[in-house]
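# Report on the structure
Listed below are the residues making up each chain.
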Amino acid sequence: MNRLYALYLALITAASAQTTEKPSPADSQQTATHRTYNVKPGPFLREFGHDEIDLWTSPFKRRNYSGHAFKKYVIPFALITGALIASDRQTADLLPNTTDQVIWSSRVSQVGAGYSLA
């Protein structure tokens, strides 16, 4: 316990001994790329609404699908998903319905039921 306390005290002392350099106002204006948020109810709710609109409408904006990531991830994912959905019935017919499989799938369904209630 004493070693833990000594380590904690050493970390606190080392952290407080570090000096922080205050940036000049010109530097902070040049490097500030984040948005400042207003905490008043009216502007906050308005900005929240704009953010929600941007979030929910982003899949329908063309500029989001012009990058390399779309070709690399979205197209293969969509093709594989479509193939799995199309071959679902044939895959289910190929699998045997053993007792262990029924018990296992029942347990998986029960786990998923909890998520559907949340």
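The residue numbering used here restarts from 1 in each chain and proceeds along that chain's sequence as written. Under the rules for a predicted model, residues below a pLDDT of 70 receive no local features and side-chain atom pairs below 80 are neither given nor counted, while totals for whole chains, interfaces and linings still include all residues. With hydrogens and water stripped out, all remaining heavy atoms of the structure feed into the side-chain values.

Only DSSP runs of H or I reaching four residues or more are called helices, and only runs of E reaching two or more are called strands; each is numbered from the N terminus. When its secondary structure is counted, the protein chain shows 6 helices and 0 strands. Each helix and strand of the protein chain, ordered N terminal to C terminal, gives the series α-α-α-α-α-α. Out of the 118 residues belonging to the protein chain, those deemed buried represent 0%. Residue burial considers only the protein chains on display, and all accessible areas are found by Shrake-Rupley using a 1.4 Å probe. Accessible surface for the protein chain amounts to roughly 11,600 Å². Of this, 64% is attributable to carbon and sulfur atoms. Only protein chains enter the accessibility calculation, which uses a 1.4 Å probe. A residue is then buried if its area is under 20% of the maximum for its type, exposed if over 50%, and partly exposed in between.

Moving on, we get to the pattern of salt bridges. Between side chains of opposite charge, a pair can form as their charged atoms come close. We count a salt bridge whenever a side-chain nitrogen from Lys or Arg sits within 4 Å of a carboxyl oxygen from Asp or Glu. Evaluated as defined, the whole model comprises 1 salt bridge. Among the salt bridges present, the one from K61 reaches D54, with a minimum N-O distance of 3.8 Å.

Pairing of aromatic rings covers Phe, Tyr and Trp, the last through its six-membered ring, and needs centres within 6.5 Å; plane angles under 30 degrees mean stacked, over 60 mean edge-to-face, and all others mean tilted. Here the structure, examined in full by the defined rule, presents 1 aromatic pair. Between F44 and F48, the aromatic rings sit 6.4 Å apart at their centres with planes inclined by 20°, giving stacked as the arrangement. A residue pair is termed a helical-turn pair when its members lie 3 or 4 positions apart in one helix, as F44 and F48 do in helix α3 (residues 41-57) at 4 residues. You can call F48 partly exposed: its relative accessible area is 44%.

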